Structures are given as C-alpha cells and as structure tokens.
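An overview of the molecular structure
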Amino acid sequence: MKKIDNQALVIFGASGDLTYRKLMPSVFDLYMNDSLPDGYAVLGVSRSKLTDVEFRKRMKEGIKEFSHFKNAATEKINTFLKKVFYLSIDTQKSEDYELVKNKLGELNKKLDLHHNYIFYLSTPPQLYPVIPKYLYGQGLTLQQKGFRRIIIEKPFGHDLKSALELNKLLTDFFGEEQIYRIDHYLGKETVQNLLVTRFSNGIFEPLWNRNYVQHVEITAAESIGVEGRGGYYENAGAMRDMVQNHLLQVASLVAMEPPAKITSDEIRHEKLKVFRSLRPLSGEDLRHHVIRGQYTESHVKGKHLVGYRDEEGVDKNSRTETYFAMKFFIDNWRWSGVPFYIRSGKRLPTRVSEIVIHFKPSPTRLFKSVDGAIEAGNQLILRIQPDEGILLKTGMKVPGNGYEVKSVNVDFHYSDLKDHYIPEAYERLILDCMTGDNTLYMSGEGAELTWKFVQPILDYWESDPDAPLYGYPSGSWGPDSADGLIEGENQTWRYPCKNLADDGVYCEL
C-alpha cells in the first residue's frame, strides 16, 4: 500500500450515533493496524457543548463496545485518543466556520497535517447544502496547499430533483474528484470479492451472460423493524433506504463489463454503462413488476411483534413501504432478456444479504431428480452478510442403484480465513478516501442515473391512490404477490438461512 499522507478527519455531527458506533471505532481499527500516518488528527464538530476530555471519554466507550480491537490495552486507546479533538459550533451560522479554520490551523502546526483535510458529513441531509457552502466561504475547499475531500452519507437526495440540485450545489464548491458519496455496502469485503470472483476465474466469466444465466436475484433482508426510527422511515421507505443506492450499486457490479484496469476511473466507467442500460419502467412494469409491502403484527416464537403502523412516529394510515421487490432488465449485449430481481424488507425471517446467479438448467433431462435440483438449475450464491462466503449448488448422484440426482452445496466461508484480518466496511472506505481511491464510492452521474431509474416508481405511488400496498405478517418473507414476480417452472426466490449452507432445510426464525 502506498504511503499515506499526514492529514485530518473532520467529522460534522460528531456527537451522533454514527460516529460513536462506526466512525471512531473504524479509525481506531486503522490505528491498530498501523494504517494511520504519523501526523494525524480527528476533529469532531457538532453543536453539543463538549470539551476534548468529555468527547474523548465518550469515544472511548464507543471503541470499547464496537471496535474490532475493543479489548486493546487502555494505554493503547488513550494514546490514540490524544489525536482526537472537539469543537462546538452552530453549523447553521457561517461565521462559526472561522472557528473550524482556526482550529485546523492550530492542529496543522501542532501535528504537521500538511494541510490535508477530509470533511465527513455525519449530519441530517438538510445540512448537506449548508456545510460545503460555509467551508468554501473560509477557503477550506481549495486545494492550494493540501488535498480537501468531502464524504457525504446517504441519502444522497430524496428524489431525482433533489439529487440533481445537491450534485449541482456540491460541484459549485468541490470538484467531482473531491466528492466521496459513501455507500457502506460497497465497503463490504464480499461485495468487493465479486469483482475477483468474476474476473480472476476463467470458469465463471464465460458463463456470466444471457446464454447461460436464467436470472439474477439480489436480496437484502432485515429481521428487525424500524427500531424507534419511525419518523425517519416515514420519509424514506425501503425503496429510498435500500434500493436506489445499495441494491442497484450491487447490481452494477454483477452486470458490469470487465474494466480495462482495476482503477477507480475504469470501474466507475463500467458501472455507469450498466446504469445507462437500465430499461426504463413502463406503466405495465409499474403495475406488475414492482411490489411494495408493509409489515403487520404477528407472533414469532411467542413474542408479539407490532405492525409498522403501530410503531412510534408512524402515521396510523401510513402508505410507506417496509418491503420492496421488483423485476427489471438491463438492455445491453451481455444481459439482453435476462431478468434481474431485487428485494429488501424489514421484519423478515432473518438478516441476510446475498446475490444469487441462477444458471439455466441442462437442455435435456437425463436423470431423475429427488429434490428439483435438475429443473432449478445450478445456483452460485455470493453471501454479503452474515456468514460471508460463496456457495455453489450442483447436482450429485444419490448413492445406490440407479441415477437419482440431488442438490448438494459446495461452499467456502470467509470465517475459514482465520489468519486474515477482514476490515469493516467503514474502515475500508475511510482508508480509501485517505489514499484518494474513490472506486467504492458513488459518482455524481451514477447517483443521478439510479434516481432517474426509480423516479417513475415514486411518481406512480404518489399519483395513483390505487397503487397496491400489500400487508405481510412480521417474520414472513414478505407479500405472497412477490412470489409471482419470478417466472418459469420450478422458479422462485431463494429462502436463505443466516448460515450460508443451511438453505433447503428447516430454518428457525
């Protein structure tokens, strides 16, 4: 890895939960892995009135609970926390940003930061237009002495119009190469391994096209409900929360062409080609290929689970979707005619995210199948979380007389790599930004194209009061109508367990 320049990470919204649970533990993990430069500082910026000592105490608690190295010696944690500082400002007041500039100047002299600054917006979205403008007003976005980069958390816009406006505003104050739109899904090791699986193995790439793939399925399921975030979720919903960003980004990695080189520009270029090839949704598609649902009350293992409309902060007549599934097509040479299916939801039976490549069955049925393995075809499952790994479902002869065939699993688990350290998503993404590598971040055009693709869905739901919203019991796999999306004999969604290789058997909810 190339040498990392001295620099500072400035976190706006530093008193919030994301900094406590994810950002500071991830930076500490980088410290423990010797990935931080000698000259380094974290400056937390927020409205809360805290001293450096008080902020460090709170961050120490977060590190001890959420860091990979949570059991590190107290002396080691304290040494790291000497690099952590805090500044209280009113982020809505332009004059307060002079305090940020002065504090960075002070830290630059003290720690030799080379005037390199990363600004992380861990704030409500309404501050995304405000903070860059006021940083620009203090000259903190200009790269005259060192680099200046900004990380934007999701959601990047609420719809196509707001995404276009936000892109325009950001590029008024930062160059596109300075803007890092974070999608923590892309920081997961198994998502990145998708590129390696495809392009380093000669057995997969020749089959990765319309000639051999029957359909592609991507699932992101959560077993929890909105967990006290009903007010936020009412304005988001599953489609905005998961589909426009996470799942379409994952789909682009599944569908993209091989890049000329493994560089951020080349990979982003190939992903953009996928987004440009998304077939626009027709009125017929909106009515029959898009399913939305909302979880209702249920009992699971004797525990009563409330319905979404009974959650705190949720309208009693809410039409917000907690489940979303759809079928779409990518109109290019490789994928013409191959359906892609994506689904995401809350209060499903288990927490699991995975990609399933369904290969076409063999053209002739020579053998008798005992479990439908031959008719269903082979499946390659790339598990993103939990029990990360890869599984290939293939047919095997049942021992004994005759030629009966059953499905067996050939699997690899990342947990088998006990000698290798696997970084958390935020740790990897922060490190990439530190080195100027934006491969795993969304481009501005990519964000706009994905919003353009899903905007007709939002318009349809808003304009048509008859657009269906299906209820589904908490603890189930969503509305029954979603099963009808996948066409073909013996074809349906894969119903995974939290353990990668335990599909096809009884799964405890």
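Turning to the overall build of the chain, a few remarks are in order. The secondary structure content of the chain amounts to 14 helices and 18 strands. In terms of overall size, the chain behaves like a compact globule, its C-alpha atoms giving a radius of gyration of 24 Å where 509 residues would be expected to give roughly 23 Å. With the C-alpha coordinates aligned to their principal axes, the bounding extent of the chain is approximately 80 × 55 × 50 Å. Per-residue burial for the chain yields a buried fraction of 54% across its 509 residues. Taking the contacts inside the chain whose residues are at least 6 apart along the sequence as the reference set, 77% of them involve residues at least 24 apart. When the accessible surface of the chain is split by element, carbon and sulfur atoms take 50% of a total near 22,900 Å².

On to helix α3 (residues 74-81), then. The set of residues buried in α3 consists of Ile77, Phe80 and Leu81. The buried residues of α3 all sit within an arc of 100° when viewed along its axis, so they share a single face. Considering only its buried residues, α3 is in contact with α1 (17-32), α2 (52-66) and β3 (84-88).

To continue, consider the packing of aromatic side chains. The geometry of an aromatic ring pair is captured by two quantities: the separation of the ring centres and the angle between the planes. Here the structure, examined in full by the defined rule, presents 21 aromatic pairs. Plain terms: the ring middles of phenylalanine 55 and tyrosine 86 are 4.9 Å apart, the flat faces sit at 35° to each other, and that makes the pair tilted. Taken together, the residues phenylalanine 55 in helix α2 and tyrosine 86 in strand β3 connect sequence positions 31 residues apart. In terms of burial, phenylalanine 55 and tyrosine 86 fall into one category: buried. What links up through ring pairs into an aromatic cluster is the set Phe12, Tyr97, Tyr117, Phe119 and Tyr134. A cation sits over an aromatic face here: arginine 58 above tyrosine 20, 4.2 Å from the ring centre.

Here we come to the pattern of salt bridges. With the rule as written, the count across this model stands at 21 salt bridges. Between lysine 154 and aspartate 241 there is a salt bridge, and its shortest N-O distance comes to 3.0 Å. Residue lysine 154 is found in the loop between β5 (148-152) and α6 (160-173), and its partner aspartate 241 is found in helix α9 (residues 237-255); the two are separated by 87 residues along the sequence. Using a relative accessible area of 22% as the deciding quantity, one classes lysine 154 as partly exposed. Lysine 327 serves as the salt-bridge partner of glutamate 487, at 3.1 Å between the closest nitrogen and oxygen. Taken together, the residues glutamate 487 in the segment after β18 (470-473) and lysine 327 in strand β11 (residues 323-329) connect sequence positions 160 residues apart. On the basis of relative accessible area, glutamate 487 is assigned to the exposed category, the value being 53%. Of the residues examined, lysine 327 reaches a relative accessible area of 5% and is grouped as buried. Taken together, the salt bridges that share partners define one network made up of Arg198, Glu205, Glu257 and Arg334.

Below, the discussion takes up the sheet that holds β18. For sheets, the rule is that strands pair by backbone hydrogen bonds, running either parallel or antiparallel. Taken in spatial order, the 10 strands of this open sheet run β14-β17-β16-β15-β13-β7-β12-β11-β8-β18, and their pairing is mixed. Both outer strands of the open sheet, β14 (368-369) and β18, are each paired with one neighbouring strand and no more. Pairing of strand β8 (residues 290-296) with β11, which is carried by 4 bridges, proceeds in the antiparallel orientation. Bridged to valine 290 within β11 is methionine 326. The strands touched by helix α7 (residues 189-199) are β13 (352-359), β15 (379-385) and β16 (389-397); relative to β15, the strand with the most contacts, the crossing angle is about 145°.

In spatial order, the strands read β3-β2-β1-β4-β5-β6; together these 6 strands make up an open sheet with parallel pairing. Here the strands that pair on one side only, and so sit at the sheet edges, are β3 and β6 (179-181). In this sheet, neighbouring strand axes are inclined to one another by 20° on average, regardless of whether the strands run parallel or antiparallel. The pairing of strand β2 (residues 40-46) with β3 spans 5 bridges and is parallel.

Quick look at the environment of isoleucine 384 now. By the element assignment, isoleucine 384 lies in strand β15. For the pair isoleucine 384 and valine 191, spaced 193 residues apart in the sequence, the C-alpha separation amounts to 6.3 Å. Every residue in contact with isoleucine 384, bar those within four places of it in the chain, is listed here: Lys188, Thr190, Val191, Val250, Ser353, Glu354 and Ile355.

Parameters at a glance
Residues numbered from 1 in each chain as written. Predicted model: local features only at pLDDT ≥ 70, side-chain atom pairs only at ≥ 80, totals over all residues. Heavy atoms only, no water. Helix = DSSP H or I, 4+ residues; strand = E, 2+ residues; numbered from the N terminus. Rg over C-alpha atoms; globule rule 2.2 N^0.38 Å. Buried < 20%, exposed > 50% of the residue type's maximum accessible area, 1.4 Å probe, protein only. Contact = heavy atoms within 4.5 Å. Areas by Shrake-Rupley, 256 points an atom, 1.4 Å probe, with all protein chains shown as cover. Arc of directions from axis to C-beta. Phe/Tyr/Trp six-rings, centres within 6.5 Å; stacked < 30°, edge-to-face > 60°. Lys NZ or Arg CZ within 6 Å of the ring centre and 35° of its normal. Salt bridge = Lys/Arg side-chain N within 4 Å of Asp/Glu carboxyl O. Pairing = 2+ DSSP bridges. Axes fitted to C-alpha atoms, helices over the stretch in contact; angles between N-to-C directions.

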